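So you can see what is in the structure, the chains are spelled out below.
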Amino acid sequence: MEYLTLFISAVIVNNFVLTRFLGLCIFFGVSKNVNASFGMGMAVTAVMTISSLLAWLVYNFVLLRLNLTFLTTIVFVLLIASTVQLLEMVIKKHVPTLYNMWGIYLMLIAVNCVVLGVPLINVESNYTFSKSIVHAIGSGVGFGVAIVLMASLREKLRLADVPKSLDGLGIAFILAGMLALSFLGFSGMISI
Amino acid sequence: MQIAIMALLVMVLTGLIFGLVLAFANKKFAVEVNPLIHLVEDVLPKGQCGSCGYAGCMAYAEAVVLNPDVPPNLCIPGKEAVAKMVGELTGKTAAAVEPRIAHVRCSGSVENAVTKYQYAGVQDCVAANLLQGGQKSCQYGCLGFGTCVKNCPFGALTMGPNGLPHVDPDKCTGCGKCETVCPKGVITMQPIGAKVSVNCNSKDRGAVAKKNCSVACIGCGLCKKNCQYGAITLVNNLAVVDYKICMDKCDNPTCFAKCPTGAIGLAVRDKYIGNAVNVAGNVAV
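Residues numbered from 1 in each chain as written. Chains lettered and ligands numbered in written order. Predicted model: local features only at pLDDT ≥ 70, side-chain atom pairs only at ≥ 80, totals over all residues. Heavy atoms only, no water.

(A) Representation of the interface of chain B and chain A in the model. Across the contact, 20 residues belong to chain B and 19 residues belong to chain A. Carbon and sulfur atoms make up 87% of the area that chain B and chain A hide from each other, which totals about 1,700 Å². At the junction of chain B and chain A, the tally comes to zero salt bridges. Applying the counting criterion to the chain B and chain A interface returns zero residue pairs in polar contact (both at pLDDT 80 or more). Every element with two or more residues in the side of chain B that touches chain A is listed here: helix H1 (2-28) and helix H5 (125-130) of chain B. Looking at which element gives the most residues to the side of chain B that touches chain A, the answer is H1(B), with 13 residues. (Contact = heavy atoms within 4.5 Å. Buried area = accessible area lost by both parts, 1.4 Å probe. Salt bridge = Lys/Arg side-chain N within 4 Å of Asp/Glu carboxyl O. Polar contact = N/O pair within 3.5 Å; in protein donor to acceptor, adjacent residues only side chain to side chain. Helix = DSSP H or I, 4+ residues; strand = E, 2+ residues; numbered from the N terminus.)

Shown next, in the form of C-alpha cells:
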C-alpha cells in the first residue's frame with residue numbers, strides 16, 4: 001500500500017513535469033507527436049530507474065560511509081551521464097531495434113534535470129532501496145503521461161488558427177501552463 | 001584537511017572508474033558505421049518526404065547501403081539522376097524510376113459541387129472532414145482548404161480560385177506527401193505521360209453523384225466501352241484507368257469523348273516536353 005501511494009504520488013500528484021517543473025526541455029522538444037513522445041517517456045523511465053538504482057548504491061555505500069554527502073550532486077551528474085552513455089553503447093550493439101526507437105532520445109536525456117532530480121529526491125527523502133526504485137518508475141511514468149498528454153494536445157493544435165506571435169513554442173507554453181493548473185488539482189490528495 | 005583529500009580522492013576515483021568503463025565499453029560495443037551511408041545521404045535531395053518508404057533520407061541511405069535487397073531507385077523526387085548516383089555508390093544497378101505527378105481527382109469546384117452546409121471552422125481539410133465529412137454534399141470530393149498545399153515540401157501546389165488545388169507540373173516531384181495528408185484521398189500519383197485521367201473520386205451511384213456534383217463520374221461505363229484496349233474498369237461506380245495499358249497501347253485516346261459529365265479527360269502530357277495541355281479544361285490537373 002505504501003508503495004502504491006508512492007507510485008501514484010509520483011505519477012500524478014507530484015508529477016515531475018507539471019508540478020515540479022523539471023525536464024521541461026525535453027517536454028517541449030519531443031512533444032510534437034504522440035509516437036515520439038511515447039518513446040521518450042519509455043526511455044526516460046528506463047534511464048531514471050537504472051540511474052536511481054545506481055545512485056542509491058553509490059550514495060549509501062560510498063558517500064554516506066565516507067561522510068562526503070556534499071559531493072552527492074556532482075557525483076550523481078557523473079554517474080548518470082556515464083550510465084546513459086554506457087546504456088546507449090550496449091543497446092546500440094545488442095538491441096538495435098530498441099536503439100532505433102530510443103537512440104536519439106537517450107542522448108537528449110543524458111544530462112537532463114529530471115533524471116538527476118529523481119535520484120537526488122530519493123536521497124533527500126531517505127528512501128529505502130525498493131522505495132527509490134518505485135519512486136523512479138513512478139516518476140518516469142508520470143513524465144510519460146505528461147509528455148503524451150502534451151503531444152496529443154499539440155497534435156490537435158496543428159489544426160488550430162493560432163495567432164502568428166504565439167505560433168509554435170508560445171502556445172505550447174500556454175498549454176503546458178493550463179495542463180499544470182489541472183494537475184495542481186491533485187495536490188494534497190496524497191501527502192508523502 | 002582530511003575531508004578535502006577524501007573528496008578529491010573520491011572524485012578522481014569515480015571519474016577514473018567511469019572513464020575507464022566508458023573507454024572499455026567504447027571498444028567492446030563499437031558498432032561500425034559504413035562511411036558510404038553518409039555519401040549516399042549527401043546525394044539524396046533531403047526533402048525528407050518519406051516517399052521512398054523510409055523515415056527520411058538518412059534512413060533510406062542506411063537501408064540502401066546495408067540491405068542488398070533495397071533498390072537504389074526508391075527516391076522519387078530525385079528521379080533518375082539520383083537513382084543513378086545512388087546505384088553507382090552502392091554498386092547496384094539502377095532501374096529507371098517511374099516519374100509520377102500528383103493528380104487531383106476532383107473537379108468539384110465551387111460552381112460544380114453542391115454544399116450541404118456552411119463551414120466556418122478551422123481552415124483545414126482534416127478539421128473540416130471531422131465535421132460530417134466536410135461541407136460538400138459529395139463525401140469523396142476535395143474540400144478545398146488546402147491541407148495538401150500547406151504540406152507540399154516543394155511548393156508545387158497552389159489553391160486555385162475555383163477552390164481546388166492546382167499542381168505545378170514543373171515543381172511537382174511526385175513525392176506523394178499530398179496523397180498521404182489528404183483526408184479524402186482525392187490526390188493520387190499518376191505516371192507522367194499518362195494519356196487520360198479521371199477527375200473524380202466519387203464512389204456514389206450515378207444519380208446521387210450527379211445530384212451532388214455536376215461533373216461527377218456517374219459510373220455509366222461509356223469510357224470503358226470506348227476504350228478498345230480494356231484499360232478502363234469500373235470500381236465502385238468510378239472509372240479507373242490502368243495507366244500501364246493506357247500508356248503502352250493507346251496513341252489516340254477517344255474514351256473521354258463520350259463522357260456525359262466530362263469526368264474523364266486528357267491528362268497533362270509529359271512535362272519534359274513542356275506540352276502541358278489539358279483538353280478537359282480542368283484547372284486541377
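(B) Examining the packing of helix H3 (residues 34-63) of chain A against helix H6 (residues 113-124) of chain A more closely. Residue and element names in this part refer to chain A. Relative orientation of the contacting elements H3 and H6 amounts to 40°, with a least axis distance of 9 Å. On the basis of their axis angle, the class for H3 and H6 is oblique. Where H3 crosses over H6, the two elements pack in a sense that is right-handed. In this structure, H3 uses Val47, Met48, Ser51, Ser52, Ala55 and Tyr59 to contact H6, whose residues at the interface are Val114, Val115, Val118, Pro119, Asn122 and Val123. Across the contact of H3 with H6, the residue classes break down as nine nonpolar, three polar and no charged. (Axes fitted to C-alpha atoms, helices over the stretch in contact; angles between N-to-C directions. Parallel < 35°, antiparallel > 145°, perpendicular 65-115°, else oblique. Left-handed = near helix turned anticlockwise from the far one by under 90°. Nonpolar A, V, L, I, M, F, W, Y, C, P; charged D, E, K, R; others polar.)

(C) Broad picture of the pattern of salt bridges. Counted by the stated rule, this structure contains three salt bridges over all chains. Between Lys131(A) and Glu2(A) there is a salt bridge; the shortest N-O distance is 2.7 Å. Pair noted here: Lys131(A) is in helix H7 (residues 129-157) and Glu2(A) is in helix H1 (residues 2-13), with a separation of 129 residues, a long-range link. Measuring nitrogen to oxygen at the nearest pair gives 3.5 Å for the salt bridge that ties Asp124(B) to Lys150(B). Note that Asp124(B) is positioned in the loop between strand E1 (100-104) and H5 and Lys150(B) in helix H6 (residues 147-151), a separation of 26 residues in sequence. What makes Asp124(B) buried here is its relative accessible area of 8%. Given a relative accessible area of 53%, Lys150(B) falls into the exposed group. (Buried < 20%, exposed > 50% of the residue type's maximum accessible area, 1.4 Å probe, protein only.)

(D) Representation of the nonpolar core within the structure. Formed by 55 residues in total, the largest nonpolar core has its most connected members in Leu18(A), Ile26(A), Phe27(A), Met40(A), Leu63(A), Ile109(A) and Met150(A). If one sorts the elements of this core by residue count, H3(A) sits on top with 10 residues. Ignoring sequence-local partners within four residues, the contact set of Phe27(A) consists of Val17(A), Leu18(A), Ala146(A), Ile147(A), Met150(A), Ala176(A) and Leu179(A). If you look at the next biggest cluster of nonpolar residues, it comprises 24 residues, including Leu238(B), Tyr243(B), Cys246(B) and Cys259(B). (Core = buried A, V, L, I, M, F, W, Y, C linked by side-chain atoms within 4.5 Å.)

(E) Broad picture of the pairing of strand E7 (residues 238-241) of chain B. Residues and elements named next belong to chain B. Pairing of strand E6 (residues 232-235) with E7 involves four bridges; the strand directions are antiparallel. Paired with Thr233 across the two strands is Val240, which belongs to E7. Where E6 folds back on E7, the antiparallel hairpin that results is connected by two residues, among which Asn236 adopts a positive phi of roughly 50°. (Pairing = 2+ DSSP bridges.)

(F) Local environment of the packing of H6(A) against H7(A). Residue and element names in this part refer to chain A. Orientation of H6 relative to H7, taken along the N-to-C sense of each, is 145°, at an axis distance of 10 Å. In this structure, the crossing between H6 and H7 has a hand that is right-handed. The segment H6 lies against H7, with Val118, Ile121 and Asn122 engaging Ser132, His135, Ala136 and Ser139. Looking at the contact of H6 with H7 residue by residue, the classes come out as three nonpolar, four polar and no charged.

(G) Region of the structure containing the confidence of the model for chain B. Residues and elements named next belong to chain B. Per-residue confidence for chain B gives a mean pLDDT of 82, with 92% of residues at or over 70. Here residues 269-285 is a poorly scored stretch, pLDDT under 50, and it has 33 contacts once near neighbours within four places are set aside; other chains count. Of the two predicted TM-score estimates for the complex, the pTM is 0.58 and the ipTM is 0.73. (pLDDT = per-residue confidence, 0-100.)

(H) Molecular detail of a nonpolar patch on the surface. Residue and element names in this part refer to chain A. On the surface, a nonpolar cluster with roughly 370 Å² of combined accessible area is contributed by Leu57, Phe61, Val62, Leu66 and Phe129. The dominant element in the nonpolar patch, judged by the number of residues it contributes, is H3, at three residues. By secondary structure assignment, the location of Phe61 is in helix H3. The exposure class of Phe61 is partly exposed, given its relative accessible area of 46%. (Patch = residues over 30% accessible without salt bridge, like charges linked within 9 Å, V, L, I, M, F, W, Y side chains within 5 Å. Areas by Shrake-Rupley, 256 points an atom, 1.4 Å probe, with all protein chains shown as cover.)

(I) Region of the structure containing the state of the cysteines. Residue and element names in this part refer to chain B. All chains considered together, the criterion is met by zero disulfides over all chains. Just so you know, Cys57 is unpaired, no disulfide at all, and the nearest cysteine sulfur is the one on Cys75, 6.3 Å from it. The class of Cys57 is buried, set by a relative accessible area of 9%. No disulfide involves Cys152; its sulfur sits 6.1 Å from that of Cys175, the nearest cysteine. Among the residues examined, Cys152 registers a relative accessible area of 16% and is labelled buried. (Disulfide = S-S within 2.5 Å.)

(J) Quick peek at the environment of Met150(A). Residue and element names in this part refer to chain A. Its location among the elements puts Met150 in helix H7. Take Met150: its relative accessible area is 0%, and that puts it in the buried class. Through-space distance from the C-alpha of Met150 to that of Ser31 is 6.1 Å; in sequence the pair is 119 residues apart.

(K) Geometry of unusual backbone geometry. Residue and element names in this part refer to chain B. In this model, Lys79 sits at a positive phi of 55°, which is unusual for a non-glycine residue. With respect to the helices and strands, the residue Lys79 is situated in helix H4 (residues 79-90). Overall, the relative accessible area of 17% leaves Lys79 in the buried class. With a phi angle near 50°, Asn236 is a residue other than glycine that sits in the positive phi range. Inspection of the secondary structure assignment puts Asn236 in the loop between E6 and E7. When its relative accessible area of 52% is taken as the criterion, Asn236 is described as exposed.

(L) Broad picture of the environment of Glu88(B). Residues and elements named next belong to chain B. The residue Glu88 is located in helix H4 in this model. On the basis of relative accessibility, which here comes to 58%, the residue Glu88 falls in the exposed class. When the C-alpha positions of Glu88 and Pro72 are compared, they lie 9.0 Å apart, and in sequence the two are 16 residues distant.

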